[in-house]
Amino acid sequence: MDFTLELSDEQRALQSTIREFAEAEIAPSAAQWDRDGAFPTKTIKRLGDLGVMGLPFPENYGGLGAGTLSFAIALEELARADSSVAITVAASVSLGGAPLLLFGTERQKEQWLVPLARGETLGAFASTEPGMGSDVQGLQTTARHEVDEWVINGTKAYITNAGTELSAFVITTAVTGERDAGKPEVSTLIVPTSAEGFFPQRPYEKMGWHASDTRELSYQDCRVPYDMLLGPRGAGARQFLATLDGGRIGVGAMGVGLAQGCLDHSTDWAQQRCAFGQPIARYQAVSFALAELKTRISAARALVYRAAALKDAGKPYSEEAAQAKLFASELAVHAADVAMQVHGGYGYMEESAIPRFYRDAKILTIGEGTSEILKLVIARHMGLPV
Ligand SMILES: Cc1cc2nc3c(=O)[nH]c(=O)nc-3n(C[C@H](O)[C@H](O)[C@H](O)COP(=O)(O)OP(=O)(O)OC[C@H]3O[C@@H](n4cnc5c(N)ncnc54)[C@H](O)[C@@H]3O)c2cc1C
């Protein structure tokens, strides 16, 4: 067992490439994008050119074949600078691309995964609805089989990446029938954004992630060919859970990155800012808060890397991914709070990066499994009757 968490030469090179890119091309513009709610299309395309959108996908599907751990390292570096960019990448790869890799036919992979992995398009995943998020059994969206087509009707809520100029398709969960016990039969469909009857609504006004695209989606007799079914009919609930397991590693990595960004800003500030005749870092109350934060970030990073390494090794990782996301997302909220406290009044000003980190942190404890749902997953792995 390797406890050193030493990265390979390739992973270290990737880490410094993404860090340099994020510091040069993302951090200086992040406040402006946040203020304007502007989706950073050019930056996302540049990340595609760097291969980030295909990091974990095999080379024969347009990717770099670098694995989940490398992807987590990249997401961490992006979120250290800006969470809106990080979630755009995370959602496209983990929620748009990964189900295609896991469940798609060769033709589906060729048509939808390859352009995504090359960074030419973005993918989205639509499960949540106005009346349902955590409980996939409560789906209301339906897909009716008619001759050689699916006819989809329903509304999806809070969907990332479905309405940008790069958005090509939305992996959509829908009820396609009823099982014997009266339970819904849930299936997954690939819905091109150009499909007849598919209507992305205007972007939400959100608390954070202002530069990421989040919309309600309306499907009104939306027609897609029958072969847009992903995997077997009725496999939707299982596919949803498998997709989220992988996505949680990415969200965990974003939590680590956001927390690291807060720590780095705070460490710099604590050494510059003077109070009572000396830098505030001289006060143990300040330096100990940062030392404790650094320790918790190390623990979160270890959990994320462990889950990623298990996934890369083809071993079960569902519980580990839930633990990593639970711990790292709660830590991100704490880190933003510490950063604001250390920065004092300046930390409350939009001129500093801290309010953006503070607003961007909380959603990490909600999307792709709330903290409560993650505790359910972990408790069930423990054999507890919840
Ligand atoms: C900015 C943003 C982007 C998003 N992007 C996407 C996307 O791309 N695709 C997508 O499909 N969804 C997306 N979502 C939706 C997100 O995944 C859901 O909001 C999340 O899964 C929670 O679902 P919900 O909002 O319906 O909350 P609910 O399921 O209604 O939960 C409300 C509260 O009840 C608690 N709760 C529910 N069930 C239980 C239980 N059994 N035990 C204990 N507590 C419970 C929850 O933990 C939570 O605290 C996004 C959301 C946001 C805000």
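Residues numbered from 1 in each chain as written. Predicted model: local features only at pLDDT ≥ 70, side-chain atom pairs only at ≥ 80, totals over all residues. Heavy atoms only, no water.

Draft legend 1. Looking closely at the overall build of the protein. Of the regular secondary structure elements, the protein holds 10 helices and 9 strands. Its C-alpha atoms give the protein a radius of gyration of 21 Å, within 12% of the compact-globule value 21 Å for 386 residues. Projected onto its principal axes, the C-alpha positions of the protein cover 80 × 45 × 40 Å. In the protein, which comprises 386 residues, the share counted as buried stands at 54%. Contacts spanning at least 24 positions in sequence make up 72% of the contacts within the protein whose residues lie at least 6 apart. Of note, the protein has its 35 positive side-chain charges centred 3 Å away from the centre of its 46 negative side-chain charges. (Helix = DSSP H or I, 4+ residues; strand = E, 2+ residues; numbered from the N terminus. Rg over C-alpha atoms; globule rule 2.2 N^0.38 Å. Buried < 20%, exposed > 50% of the residue type's maximum accessible area, 1.4 Å probe, protein only. Contact = heavy atoms within 4.5 Å. Lys, Arg positive; Asp, Glu negative; His and termini not counted. Charge placed at Lys NZ, Arg CZ, Asp CG, Glu CD.)

Draft legend 2. Quick look at helix α10 (residues 371–381). Within α10, burial applies to S371, L374, V377, I378 and A379. Buried positions along α10 lie against α6 (236–272) and α8 (318–343). Where α10 terminates, the next one or two residues include G383, which has phi positive at roughly 85°.

Draft legend 3. Expanded view of unusual backbone geometry. Even without being glycine, N161 reaches a positive phi, approximately 75°. Position of N161 relative to the elements: it lies in the loop between β3 (149–160) and β4 (167–178). One non-glycine residue, E368, lies in positive phi territory at about 55°. By secondary structure assignment, the location of E368 is in the loop between α9 (354–361) and α10. Classification of E368 by relative accessible area gives buried; the value is 14%.

Draft legend 4. Geometry of the packing of aromatic side chains. In total, this model carries 6 aromatic pairs according to the counting rule given. Ring centres of W150 and Y226 lie 4.9 Å apart, and the angle between their planes is 15°; on these two criteria the pair is classed as stacked. Here W150, found in strand β3, pairs with Y226, found in the loop between β7 (214–225) and α6; they are 76 residues apart in sequence, far enough to count as distant. A residue is classified by how much of its surface remains accessible, and Y226, at 31% relative accessible area, is partly exposed. (Phe/Tyr/Trp six-rings, centres within 6.5 Å; stacked < 30°, edge-to-face > 60°.)

Draft legend 5. Spatial organisation of the pairing of β7. As defined by bridge partners, β3 adjoins β7 across 9 bridges and the pair is classed as antiparallel. Residue pairing across strands places T155 opposite S218, the latter belonging to β7. Here 4 bridges tie strand β6 (residues 198–203) to β7, and the two strands are oriented antiparallel to one another. Across the sheet, residue F198 finds its bridge partner in β7, namely Y219. (Pairing = 2+ DSSP bridges.)

Draft legend 6. Highlighting the pairing of β3. Of the strand pairs in this sheet, strand β2 (residues 142–146) and β3 are connected by 5 bridges, and their pairing is antiparallel. The partner of T142 across the bridge, within β3, is N153. Count of turn residues in the β2/β3 antiparallel hairpin: 2 residues, of which V147 carries a positive phi of about 55°.

Draft legend 7. View of the site of the ligand. Taken together, 21 residues are adjacent to the ligand, and T128, S134, Y158, T370 and E372 come closest. One of the side-chain nitrogen or oxygen atoms of T370 is found 2.6 Å away from an oxygen atom of the ligand. Expressed as a share of its isolated accessible area of 980 Å², the protein-covered part of the ligand is 63%. Of all the secondary-structure elements, those providing two or more residues to the shell around the ligand are β1 (122–126), β3 and α10. Split by residue class, the shell around the ligand holds 10 nonpolar, 8 polar and 3 charged. (Near = heavy atom within 4 Å. Polar contact = N/O pair within 3.5 Å; in protein donor to acceptor, adjacent residues only side chain to side chain. Areas by Shrake-Rupley, 256 points an atom, 1.4 Å probe, with all protein chains shown as cover. Nonpolar A, V, L, I, M, F, W, Y, C, P; charged D, E, K, R; others polar.)

Draft legend 8. Looking closely at helix α5 (residues 106–117). Taken together, the buried positions of α5 are occupied by Q108, K109, W112, L113, V114, P115, L116 and A117. Residues of α5 that are buried make contact with α4 (83–103), β1, β4 and β5 (184–192).

Draft legend 9. Layout of the side chain of S167. Mapped onto the secondary structure, S167 falls in strand β4. Within polar-contact distance, the side chain of S167 engages the backbone oxygen of N161 at 2.5 Å.

Draft legend 10. Expanded view of the packing of helix α3 (residues 67–81) against α4. Two elements in contact, α3 and α4, have axes separated by 7 Å at closest approach and are oriented at 155°. Viewed along their axes, α3 and α4 adopt a mutual orientation that is roughly antiparallel. In this structure, α3 contributes F71, L75, L78 and A79 to the contact, and α4 contributes S83, V85, A86, V89, A90, V93 and S94. Taken together, the residues of the contact of α3 with α4 sort by class into 9 nonpolar, 2 polar and no charged. (Axes fitted to C-alpha atoms, helices over the stretch in contact; angles between N-to-C directions. Parallel < 35°, antiparallel > 145°, perpendicular 65-115°, else oblique.)

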